[in-house]
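Close look at the chain arrangement
The chain contents come next:
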Amino acid sequence: MAGGNQTNIFEFLLWGLSERPEQQRILFLLFLWMYVVTVAGNLLIVLAIGTDTRLHTPMYFFLASLSCADVLFTSTTVPKALVNIQSQSRSISYAGCMTQLYFFLTFGDMDIFLLATMAYDRYVAICHPLHYTIIMSPWHCTLLVTACWTLTNLVAMTHTFLIFRLSFCSKKVIPDFFCDLGPLMKVSCSDTQVNELVLLFLGGAVILIPFLFILVSYIHIVSAILRVPSAQGRCKAFSTCGSHLAVVALFFGTVIRAYLCPSSSSSDSVEEDTAAAVMYTVVTPLLNPFIYSLRNKDMKGALGRLLRGKVSFLLGEKLDLAYLNVLIQLRALGKHLLVLMLQTVGEMDRDNQTGAFEFLLVGLSEKPEQQRILFWMFLSMYLVTVVGNVLIILAIGSDSRLHTAMYFFLANLSFTDLFFVTNTIPKMLVNLQSQNKAISYTGCLTQLYFLVSLVALDNLILAAMAYDRYVAICRPLHYTTAMSPGLCILLLALCWVFSVLYGLIHTLLMTRVTFCGSREIHYIFCEMYVLLRLACFSIQVNHTVLIATGCFIFLTPLGFMIVSYVRIVRAILRIPSVTGKYKAFSTCASHLAVVSLFYGTLGMVYLQPLHTYSMKDSVATVMYAMVTPMMNPFIYSLRNKDMHRALGKLFLGKAFQKLT
């Protein structure tokens, strides 16, 4: 952050919709009514789809996802606007504004990508009906939604981090009822050229590319419909697209007006921008349930059965789209956690001056003669880690015989390790090489967030792998059912959700901490215990939350793994032949070794009281931050014949097949 930026010690003022007291009561009741109808309508859509097995198709899967995104989208902005109107307080903290901006961009972009995905679904259904079940398989549908969530988070992170660069030193009134990119750039007193260029190119790409994709899809759809000989057939084909077209026209019309049309600073222009913002943030999510249900017989039937209580659940249903229900529940949980986080951010300490300085990462050694050795050693370890984990991912992806649950989780573990080391090591290498040990406050918290999230993800994936081994050895006849692709994806999604929330909670709590003394971090990266040791005020809340959530995220999976392996060992001991025992145990040995290495080093770092924590003792940190990710590929491949074969095929191709 800019050295003079004091943005985290003040509040913004949200201009709102009107300054007239007589209008504010009407606006409060109107927006409250629209918000309640929006949430109720979209939740009814979700419940109707989730409870009616006849709607477990790709089209309704995407519609349920769109309804979830709409609920979260409106929940990001409208509740805060209602509180401001009712309390006559228009303030929002800097951190609260940044949080609102991030989630607003995430869920807004999610709407755009989902509408494009739904257009693709309609294109395949009408233009390639014979290939529909293959092209729009459950796996492809889940992959498309996952890609949408990933892209939206990346876009939102890019814009939010760029806003952190800006300084706000005088005018702090935002001419809108929520924090958005345009209004924030208008009230900034620093150069916004980079932000404007990124908004133009990235924002234009996020809006126009999906819009053009939808346009091209519908050109093909209309061409295919016009070739249908009967009028009844044409009407039926077009009826499956009418609702989607209406939502696309409503949403993109207002979004393009808000973001891709230049606006002036006049009062009329501000009112027009606010009206456009209300349209796509409140009105569009409100109308979506009505548009998709009024002329849809399937939705009417499902809603009727839902409201009358005639719900049909198939408990033994195969996971074609059955894990839709769980994804819906996860997103509903996300809504409540989002509100909780916004409340937490709103209570941040307003006297914190941490945004105005940098931390110094002292590292492992301050001796120049040792730093050169450390640089080459860590560079070698980093390259070996990256190459080893990438090879594991490529080998699993290229060999169809490794497309099983066990290797699916292993590939994800390697992927996580890859990002884990990339989060910390490159910065450390730059510090060693340049002799510049500074890291900005924002950079430090960003590194902390990814560090905490990825460590938690590593831990949860190891627990999922233990469950996989338990089912394979203790319930072999039910393995293909219990570890179906849908369930594996669901387990992985849960791991990501819990790890992201864990990282967010601790990073947001860290923003409450004031640092007024030493800024030297005797560590190779920004770590939670070290930062808490540098605090100059009470950290009781952080410490309590760290213990509570840490026990849940780390000790619960560890206990689960111990119980799993106790049962696994008992099952193995009941196998009559020695060969059978050895073969069963060999499938678990690699995982056991990684679990021991990971938890052993993690316990050395974190299972000690905060007041006795030694900032100079970095050996255990290097072990779990570098050595464990580096060793994982070797542990999982050295005594694994399947991995040997896959790596051989990857390197030698057909030559390896001839040799074997």
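Residues numbered from 1 in each chain as written. Predicted model: local features only at pLDDT ≥ 70, side-chain atom pairs only at ≥ 80, totals over all residues. Heavy atoms only, no water.

1. Section: the sheet that holds strand β6 (residues 520-521)
Taken in spatial order, the 3 strands line up as β5-β4-β6 in an open sheet, and their pairing is mixed. Strands with a single pairing partner mark the edges of an open sheet, and in this sheet they are β5 (438-440) and β6. The sheet contact formed by strand β4 (residues 358-361) and β5 spans 3 bridges and is antiparallel. When the sheet's bridge partners are listed, F359 is paired in β5 with I439. Strands in contact with helix α14 (residues 441-474) are β4, β5 and β6; relative to β5, the strand with the most contacts, it is inclined by about 80°. (Pairing = 2+ DSSP bridges. Helix = DSSP H or I, 4+ residues; strand = E, 2+ residues; numbered from the N terminus. Contact = heavy atoms within 4.5 Å. Axes fitted to C-alpha atoms, helices over the stretch in contact; angles between N-to-C directions.)

2. Quick word on the pairing of β4
Only one face of β4 is buried: it carries F359 and L361, and the other face, with E358 and L360, is open. Note that β4 and β6 share 2 bridges and pair parallel. Residue L361 lies in a different strand from β6, and its bridge partner there is I521. (Buried < 20%, exposed > 50% of the residue type's maximum accessible area, 1.4 Å probe, protein only.)

3. Examining a positive patch on the surface
A contiguous patch of positive charge, built from R475, R567, R570 and R574, is present on the exposed surface. Counting through the fold element by element, R574 comes out in the loop between α18 (540-573) and α19 (578-606). (Patch = residues over 30% accessible without salt bridge, like charges linked within 9 Å, V, L, I, M, F, W, Y side chains within 5 Å. Areas by Shrake-Rupley, 256 points an atom, 1.4 Å probe, with all protein chains shown as cover. Salt bridge = Lys/Arg side-chain N within 4 Å of Asp/Glu carboxyl O. Lys, Arg positive; Asp, Glu negative; His and termini not counted. Charge placed at Lys NZ, Arg CZ, Asp CG, Glu CD.)

4. Overview of the sheet that holds strand β1 (residues 11-14)
The 3 strands lie next to each other as β2-β1-β3, forming an open sheet whose pairing is mixed. Each edge of the sheet is formed by a strand with only one pairing partner; in this case those strands are β2 (91-93) and β3 (173-174). Where β1 and β3 come together, 2 bridges link them in parallel fashion. Opposite L14, over in β3, you have I174 as the bridge partner. This element, helix α3 (residues 94-127), spans β1, β2 and β3 of the sheet and lies at about 85° to β2.

5. Regarding the state of the cysteines
Per the stated rule, a full pass over the model turns up 2 disulfides. Here C97 pairs with C179 through a disulfide, and the sulfurs are 2.0 Å apart. Residues C97 and C179 share a disulfide whose torsion about the S-S bond is about -125°; that sign makes it left-handed. Placement of C97 in helix α3 and of C179 in the loop between β3 and α6 (181-186) is noted, with a sequence separation of 82 residues between them. By the burial criterion, C97 is buried, and C179 matches it. (Disulfide = S-S within 2.5 Å.)

6. Some thoughts on the environment of A482
Counting through the fold element by element, A482 comes out in helix α15 (residues 479-482). Taking the C-alpha atoms as reference points, A482 and D468, 14 residues apart in sequence, are found 8.9 Å from one another. With sequence-adjacent residues up to four places away left out, A482 is seen in contact with V471 and L487.

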